[in-house]
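Descriptive analysis of the structure
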Amino acid sequence: QDDVLQLLNDQWPQSKTIRLRRLERSSDDLPTSFLLVNEKNELIGYCYVDRLFDEENGVIVESVCIQRSLRGQGFGKRLMALLEEKLRGRFARIYLTTADQREFYSHCGYEETSPRVRFNVSSRLFAQNA
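Residues numbered from 1 in each chain as written. Predicted model: local features only at pLDDT ≥ 70, side-chain atom pairs only at ≥ 80, totals over all residues. Heavy atoms only, no water.

When you go through the protein chain residue by residue, the secondary structure sums to four helices and eight strands. Put simply, the protein chain has 130 residues, and 41% of those count as buried. Considering only residue pairs separated by 6 or more positions, the protein chain has 50% of its internal contacts joining residues 24 or more positions apart. As displayed, the protein chain has an accessible area near 7900 Å², and 45% of this comes from carbon and sulfur atoms. Here the protein chain holds 19 positive side-chain charges and 19 negative ones, and the gap between their average locations is 2 Å. (Helix = DSSP H or I, 4+ residues; strand = E, 2+ residues; numbered from the N terminus. Buried < 20%, exposed > 50% of the residue type's maximum accessible area, 1.4 Å probe, protein only. Contact = heavy atoms within 4.5 Å. Areas by Shrake-Rupley, 256 points an atom, 1.4 Å probe, with all protein chains shown as cover. Lys, Arg positive; Asp, Glu negative; His and termini not counted. Charge placed at Lys NZ, Arg CZ, Asp CG, Glu CD.)

Put into structure tokens, the structure is as follows:
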């Protein structure tokens, strides 16, 4: 847990309590956390997947993050491919939001959608068929 907290707070600082609350909600079903680790079981990357409340057959991917020192080496694509493989067949659409990684997600096959309301906030989402 500490490695995940450190990775996320390096990218998006937030209180440890809020981060722990989310990690503790993670389960074998949804919501769930995906970890990308190396052969020494060291954390490379992380993301969180949860249900969409207004689309039964859709999920949203959040907090996709790779260790700063390992970025640009294909680990982000590998993490996305692994989670897509796990979700394929269970859900029709995978959504995510991004402010600064549009090009990366476009290369992963995600397309921009119209804004949707989630947690009372309208967000522009990117989607991919699962």
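So, next bit.
Looking now at helix 1 (residues 2–11). Working note: α-helix, 3.6 residues per turn, so residues spaced by three or four point in the same direction. Looking at helix 1, one finds that the buried residues are V4, L5, L7 and L8. Buried residues of helix 1 fall within an arc of 165 degrees about the axis and therefore sit on the same side. Facing away from the buried side of helix 1, by more than 90 degrees, are the exposed residues D2 and Q6. Against the buried residues of helix 1 lie helix 2 (16–25), strand 1 (32–37), strand 2 (43–52) and strand 3 (55–66). (Arc of directions from axis to C-beta.)

We now examine the pattern of salt bridges. A complete count under the given rule lists six salt bridges for this structure. Among the salt bridges present, the one from D10 reaches R68, with a minimum N-O distance of 2.8 Å. Taken together, the residues D10 in helix 1 and R68 in the loop between strand 3 and helix 3 (75–87) connect sequence positions 58 residues apart. For R90, the salt bridge identified is with D29, shortest N-O distance 2.8 Å. One end of the pair, R90, is in the loop between helix 3 and strand 4 (93–96); the other, D29, is in the loop between helix 2 and strand 1, with 61 residues separating them in the sequence. Looking at R90, the relative accessible area reads 41%, which means it is partly exposed. With relative accessibility at 36%, the residue D29 sits in the partly exposed group. One connected set of salt bridges, linked through shared partners, spans D29, R51 and R90. (Salt bridge = Lys/Arg side-chain N within 4 Å of Asp/Glu carboxyl O.)

With that out of the way, let us pick up empty space enclosed by the protein. Going through the model one piece at a time under the given rule, you end up with one cavity of 30 Å³ or more. When its volume is computed, the largest cavity comes out at roughly 40 Å³. For the lining of the largest cavity, the element with the highest residue contribution is helix 2, accounting for three residues. By residue class, the composition of the lining of the largest cavity is three nonpolar, one polar and two charged. (1 Å grid on protein atoms, 1.4 Å probe; cavity = no way out; pocket = protein on both sides within 12 Å on 5 of 7 lines; lining within 4 Å. Points joined across faces, edges and corners; volume = space filled by probe spheres on them. Nonpolar A, V, L, I, M, F, W, Y, C, P; charged D, E, K, R; others polar.)

Moving on to unusual backbone geometry. Residue P31 follows L30 across a cis peptide bond; omega there is 0 degrees. Residue placement: P31 occurs in the loop between helix 2 and strand 1. The backbone of S63 sits at a positive phi, close to 55 degrees, despite the residue not being glycine. Among the secondary structure elements, S63 is positioned in strand 3.

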